[in-house]
Amino acid sequence: MSRRELVFVLENSFPYYAGGIENWTYNMVKRLRDNYHITIVSENRNFGSERLYYNIPDGIKLIPYFSFRKYKWYSLINHSYFSLLDYKLRKHSIARAINKVLNSLNDKDTVIIALSTMAASYAAGKIKHNHKEIEFVCSSRGPHADVMSKNYPLFKKQILASEISNMRRADIVLTNGYDTQEYYSKRGIRSIVMKNGVDLAPFYDSVPESPYKTHNKIILSVGTLWDIKGIPELISAFGIMLRKGVQNVELCFAGKGDPSKYEEQAKRLGVDKYVHFIGHQSNLIPYYKNATVIACLSGGGGFGMAAIEAMASGRPVVAWDSPVYKQFQTTKQTMVLTEEKNVEKLAQSLMEVMSNEDNFSIICNNAKLIASEFDWSKVVDDFIKIIDNQ
């Protein structure tokens, strides 16, 4: 029996862009390639994106599609309503790239996995309409339309409606957490939870040498530098902590993005000397395991990879009391949850953990146990069972 063809469709310039979706894709395809033929359809390299974040394993095809983000001038219209024109063009560019892939496969048994509910799923749905034999899997790695509509509020209704229309064309809908599953269920979309994963083995090794150039205590936050990751609230809470007399503590952010506005915030609060932006790190384990406390404050959705890694590290985690993090502790307490967006209470929770670390050993052990359910081997097995209808 010939191997099935899996076509993963992304909306960023993988492998020259790193994020949760890209990390999930990379870890999945390198484990699936022994059993499937794999093609990745992703955006052309964006202007200024010189860094190669992922080395594509042998045997995996990479097909780029065109978008204007390859040009320097695109930054002038990014986040303006003019960029919606590029988004609409991108939908059709993705569809053409998928068609190119299908033509090369000569009607082989093919599954298209669209890793966004927007342009990627629109294109896959359009292809599905003309190729009934393919299987279309729409994978939501978070509330894509809701996030997108915040940049284009005048078109919010159309964006949200487009997402649901795209998802209804799919044979299978995957969601990245029970919170995301419920979010779409309320909109009439049935889905199967497809978790994020973690390579757990390195987390079980002994504590590596500290990468921090200080003997102070460390509060760590991991994720792209966006407001939705709770960065403004964490910096504000850190300022409160220092004003209350907390000493010998520093705040570190690990993740890609422009830190300038957050540096300005730290400077306004007079804490910039103790706030550090260390950029994207290919190996985060030393940072996790040598942190005093890890802050997980994302306002997105699903089983966030940073939260899973934080739990696997064995260090105490302070997180928002939101559906995103509540779903990690349905059976055992794995985190200290604090009222969402309340910077005073966030500061209080961080101070409590930092002053009484030993009191949280049971919670940390619970977190490591729950994190074991997210090993990549289990995630890949679940994915295979779903797409092969086992």
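The text that follows walks through the structure, step by step, so that each part is easy to find. Nothing here was measured: the structure is a model prediction, and the numbers come from that model.

1. Examining the nonpolar core
Ranked by internal contacts, the top residues of the largest apolar core, which has 63 residues, are Ile 219, Leu 220, Leu 234, Tyr 325 and Phe 328. Ranked by residues supplied to this core, first place goes to helix 7 (residues 231-243) with seven residues. Here Leu 234 is in contact with Ile 219, Ser 221, Leu 251, Phe 253, Ala 295, Leu 297, Leu 346 and Leu 350, once residues within four sequence places are set aside. Among the nonpolar cores identified, the runner-up in size contains 36 residues, and Ile 94, Phe 136, Ala 170 and Ile 189 belong to it.

2. Looking at the sheet that holds strand 11 (residues 293-296)
Taken in spatial order, the six strands line up as 10-9-8-11-12-13 in an open sheet, and their pairing is parallel. The open sheet terminates on both sides in strands that have one partner only, identified here as strand 10 (275-279) and strand 13 (336-338). On average, each strand axis in the sheet is tilted by 25 degrees relative to the strand beside it, whichever way the strands run. The pairing of strand 11 with strand 12 (residues 317-320) spans three bridges and is classified as parallel.

3. Quick word on the pattern of salt bridges
It is possible for side chains bearing opposite charge to pair when their charged atoms get close. All told, the structure shown has 16 salt bridges when counted by the stated rule. One salt bridge connects Lys 150 with Asp 146, and the closest N-O pair in it is separated by 3.1 Å. Here Lys 150 and its partner Asp 146 are both found in helix 4 (residues 144-151), four residues apart, which amounts to about one turn of the helix. What makes Asp 146 partly exposed here is its relative accessible area of 22%. When the shortest N-O distance is used, the salt bridge between Lys 261 and Asp 227 registers 3.1 Å. Taken as a pair, Lys 261 in helix 8 (residues 260-268) and Asp 227 in the loop between strand 8 (217-222) and helix 7 lie far apart in primary sequence, 34 residues in all. The network of salt bridges with common partners includes Arg 4, Asp 109, Glu 135 and Asp 388.

4. Examining the sheet that holds strand 1 (residues 5-9)
Strand order across the open sheet formed by seven strands is 3-2-1-4-5-6-7, with parallel pairing between neighbours. This sheet does not close on itself; its edge strands, each paired only once, are strand 3 (61-65) and strand 7 (192-193). Pairing of strand 5 (residues 135-140) with strand 6 (residues 172-175), which is carried by four bridges, proceeds in the parallel orientation. Paired with Ser 140 across the two strands is Thr 175, which belongs to strand 6. Lying over the sheet, helix 2 (residues 83-105) contacts strand 1, strand 2 (37-43), strand 3 and strand 4 (110-114), oriented at roughly 145 degrees with respect to strand 3.

5. A word on a nonpolar patch on the surface
On the surface, a nonpolar cluster with roughly 350 Å² of combined accessible area is contributed by Tyr 71, Trp 73 and Leu 76. Looking at the element boundaries, Tyr 71 is found in the loop between strand 3 and helix 2. Overall, the relative accessible area of 33% leaves Tyr 71 in the partly exposed class.

6. Description of the environment of Asp 146
Expressed as a C-alpha distance, the spacing of Asp 146 and Glu 163, which sit 17 residues apart in the sequence, is 9.3 Å. Here Lys 150 takes part through its side chain, which lies 3.1 Å from a polar atom of the side chain of Asp 146.

7. Describing the packing of helix 7 against helix 12 (residues 343-355)
Running from N to C, helix 7 and helix 12 cross one another at 65 degrees; their axes reach a closest spacing of 8 Å. Taken as a pair, helix 7 and helix 12 cross one another with a handedness that is right-handed. In contact with Glu 233, Leu 234, Ser 236, Ala 237, Ile 240 and Met 241 of helix 7, helix 12 contributes Val 343, Glu 344, Leu 346, Ala 347, Leu 350, Met 351 and Met 354. Its residues assigned to classes, the contact of helix 7 with helix 12 comprises 10 nonpolar, one polar and two charged.

What counts and what doesn't
Residues numbered from 1 in each chain as written. Predicted model: local features only at pLDDT ≥ 70, side-chain atom pairs only at ≥ 80, totals over all residues. Heavy atoms only, no water. Core = buried A, V, L, I, M, F, W, Y, C linked by side-chain atoms within 4.5 Å. Buried < 20%, exposed > 50% of the residue type's maximum accessible area, 1.4 Å probe, protein only. Helix = DSSP H or I, 4+ residues; strand = E, 2+ residues; numbered from the N terminus. Contact = heavy atoms within 4.5 Å. Pairing = 2+ DSSP bridges. Axes fitted to C-alpha atoms, helices over the stretch in contact; angles between N-to-C directions. Salt bridge = Lys/Arg side-chain N within 4 Å of Asp/Glu carboxyl O. Patch = residues over 30% accessible without salt bridge, like charges linked within 9 Å, V, L, I, M, F, W, Y side chains within 5 Å. Areas by Shrake-Rupley, 256 points an atom, 1.4 Å probe, with all protein chains shown as cover. Polar contact = N/O pair within 3.5 Å; in protein donor to acceptor, adjacent residues only side chain to side chain. Left-handed = near helix turned anticlockwise from the far one by under 90°. Nonpolar A, V, L, I, M, F, W, Y, C, P; charged D, E, K, R; others polar.

None of the figures reported here should be taken as evidence of function without further support.
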